[in-house]
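Each chain, letter by letter, is given below.
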Amino acid sequence: MSMITTLDEFIIRRQKDFPYASGELTGLLRDIGVAAKIVNREVNKAGLVNILGVADHQNTSGDTVQKLDMYANEKLIDCLKNSGECCGIASEENESFMPLEAISEKPSKYVVVFDPLDGSSNIDVNVSVGTIFGIYRRLSSTDEECQVTDFLQKGTELVAAGYVLYGTSTMLVYTTGRGVNCFTLDPSIGEFCLSHKDIKIPNHGQHYSVNQGYYLKFDVEMRRYIDHCSDMGLGLRYIGSMVSDIHRILFQGGIFLYPNTRANPKGKLRLLYECNPLSFVVEQAGGKAINTQLDRILDVEIHELHQKATIAIGSPDMVDEMKAFVEKYSAPMAP
Ligand code: P6P
């Protein structure tokens, strides 16, 4: 029987990578793993219990909130509250950030951002959805409540990031800046077990991923690149759940695009809750992530919690090629 390495064992073993860490980050990652198991349990039986359908309100970004969105949000908040390692959270489902009360004398060093259930519009039709998370070191003094500035940090300041994919199997993928590892939940023992070690994204892939329905609303340079993908015989794969699309690209290669449109001139996806954490993971696996202004996503300054971003993320050769098309075909800047 091959050696099983659980998420907890792996995290503890890798703690030596952080000589100055005194275990808080380790504890935080383990608590996120617990929250993922709790959410997974409800996602997997969503068709049987009254947790499908829409709640009676919209979130800050104007998305209709699904009941399972709210459940996942509550469970993540509860787990992080009890961890004692986190002084505040910012959720894509909440308008503002939430300072957490200390549960011991030990000051907590980290804040956590998350999208509790990305792609949740797919829940009622049994399409994969996911949780996205990112962890920052707090900037504010440990003898006061966390501040919004603790969250408005560039993606380069992330100390850890990852996602949970509730799909055909439930997988937790994360990085702490030393590579990317994937853990698959074994329901028979209730543990996330190491299934894919040190993931490296292929330099190129056979799929591009974009909402083709918006094609005529994209800028000309983006349409030229999408035409090129089609001319090269690439397949189109678009699930409508960013975590699912990125997970496929991480393993098979490819590129995911969410450019600006007239409806979303700054893009639709959130920089803090979706783009930064997933860009950190993809870069750590050898991929690239830029916006349609060709800035590295992780370098983009963030000024508000729900700031949106355009994104092109995936195999390095494909992102470079998209960049070349934008440089070649974008309208010259007015003098
Ligand atoms: P559209 C889900 O709502 C989400 O935030 C991402 O998970 C997904 O990639 C995108 O929006 C889908 O957006 O406009 O193509 O339906």
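Residues numbered from 1 in each chain as written. Predicted model: local features only at pLDDT ≥ 70, side-chain atom pairs only at ≥ 80, totals over all residues. Heavy atoms only, no water.

### A word on the packing of aromatic side chains
Point 1. This structure, assessed with the given rule, holds 7 aromatic pairs.
Point 2. Ring geometry for Phe97 versus Phe151: centroids 5.3 Å apart, planes at 35 degrees, classification tilted. Taken together, the positions of Phe97 in strand 4 (residues 97-99) and Phe151 in the loop between strand 6 (129-137) and strand 7 (158-166) put the pair 54 residues apart, joining distant regions of the chain.
Point 3. Taking 6.0 Å as the distance between ring centres and 20 degrees as the angle between the ring planes, the aromatic pair formed by Tyr174 and Phe183 counts as stacked.
Point 4. Look at Tyr174 and you get buried, because its relative accessible area is 5%.
Point 5. These aromatic residues form a ring-pair network of at least three members: Phe10, Tyr174 and Phe183. (Phe/Tyr/Trp six-rings, centres within 6.5 Å; stacked < 30°, edge-to-face > 60°. Helix = DSSP H or I, 4+ residues; strand = E, 2+ residues; numbered from the N terminus. Buried < 20%, exposed > 50% of the residue type's maximum accessible area, 1.4 Å probe, protein only.)

### Details of the pairing of strand 7
Point 1. Within strand 7, 9 of the 9 residues are buried, which leaves it mostly tucked inside the rest of the structure.
Point 2. Pairing of strand 6 with strand 7, which is carried by 8 bridges, proceeds in the antiparallel orientation. Paired with Gly134 across the two strands is Ala161, which belongs to strand 7.
Point 3. Note that strand 7 and strand 8 (residues 170-175) share 6 bridges and pair antiparallel. Residue Tyr166 lies in a different strand from strand 8, and its bridge partner there is Thr170.
Point 4. From the end of strand 7 to the start of strand 8, which pair antiparallel, there are 3 residues. (Pairing = 2+ DSSP bridges.)

### Looking at the sheet that holds strand 15 (residues 288-290)
Point 1. Spatially, the 5 strands line up as an open sheet ordered 12-11-13-17-15, and their pairing is mixed. Of all strands in the sheet, those with a lone pairing partner are strand 12 (235-236) and strand 15, marking the two edges.
Point 2. Relative to strand 13 (residues 255-258), strand 11 (residues 207-209) runs parallel, the two sharing 2 bridges. Paired with Tyr208 across the bridge in strand 13 is Ile255.
Point 3. Set on the sheet, helix 7 (residues 316-329) makes contact with strand 11, strand 13, strand 15 and strand 17 (311-314); between it and strand 15 the angle comes to about 30 degrees. (Contact = heavy atoms within 4.5 Å. Axes fitted to C-alpha atoms, helices over the stretch in contact; angles between N-to-C directions.)

### Some words on the site of the ligand
Point 1. Neighbouring the ligand are 14 residues, the closest being Asp118, Tyr214, Tyr238, Met242 and Tyr258.
Point 2. At 2.8 Å, a side-chain N or O of Tyr214 approaches an oxygen atom of the ligand.
Point 3. At 2.7 Å, a backbone N or O of Met242 approaches an oxygen atom of the ligand.
Point 4. Computed on the free molecule, the ligand has an accessible area of 400 Å², of which 85% lies beneath the protein chains in the complex. (Near = heavy atom within 4 Å. Polar contact = N/O pair within 3.5 Å; in protein donor to acceptor, adjacent residues only side chain to side chain. Areas by Shrake-Rupley, 256 points an atom, 1.4 Å probe, with all protein chains shown as cover.)

### A look at the domain arrangement of the chain
Point 1. Taken domain by domain, the chain comprises domain 1 (7-196) and domain 2 (207-329).
Point 2. Taken over C-alpha atoms, the centre of domain 1 sits 23 Å from the centre of domain 2.
Point 3. Residue-level contacts link 50 residues of domain 1 with 31 residues of domain 2.
Point 4. Here domain 1 and domain 2 share an interface that buries about 3,000 Å² over both sides, 67% of which is from carbon and sulfur atoms.
Point 5. Looking at the side of domain 1 facing domain 2, the largest losses of area belong to Leu152, Lys154 and Tyr163, adding up to 20% of the total buried there.
Point 6. Scanning the region where domain 1 abuts domain 2 turns up 2 salt bridges.
Point 7. The closest approach of N and O atoms between Lys154 and Glu301, which form a salt bridge, is 4.0 Å.
Point 8. Counting every contact that joins domain 1 to domain 2 gives 14 residue pairs in polar contact (both at pLDDT 80 or more).
Point 9. Of all the elements in the fold, those that place two or more residues in the side of domain 1 that touches domain 2 are strand 3 (86-91), strand 5 (110-118), strand 6, strand 7, strand 8 and strand 9 (180-186).
Point 10. Element by element, the count of residues in the side of domain 1 that touches domain 2 is highest for strand 7, at 8 residues.
Point 11. Split into classes, the residues belonging to the side of domain 1 that touches domain 2 amount to 23 nonpolar, 20 polar and 7 charged. (Domains from an automatic or database assignment. Buried area = accessible area lost by both parts, 1.4 Å probe. Salt bridge = Lys/Arg side-chain N within 4 Å of Asp/Glu carboxyl O. Nonpolar A, V, L, I, M, F, W, Y, C, P; charged D, E, K, R; others polar.)

### What about the pattern of salt bridges?
Point 1. Enumeration according to the criterion identifies 14 salt bridges in this entry.
Point 2. For Asp8, the salt bridge is made with Arg30, and the minimal N-O distance between the two is 3.4 Å. You can see Asp8 sitting in helix 1 (residues 7-14) and its partner Arg30 sitting in helix 2 (residues 24-44), a full 22 residues away along the chain.
Point 3. Given the relative accessible area of 32%, Arg30 is considered partly exposed.
Point 4. In this structure, Glu92 and Arg270 form a salt bridge, with 3.0 Å as the shortest nitrogen-oxygen distance. Highlighted residues: Glu92 in the loop between strand 3 and strand 4 and Arg270 in strand 14 (residues 269-270), separated in sequence by 178 residues.
Point 5. For Glu92, a relative accessible area of 2% translates into the label buried.
Point 6. Here the salt bridges do not stand alone but share partners, grouping Glu92, Arg270 and Glu274 into one network.

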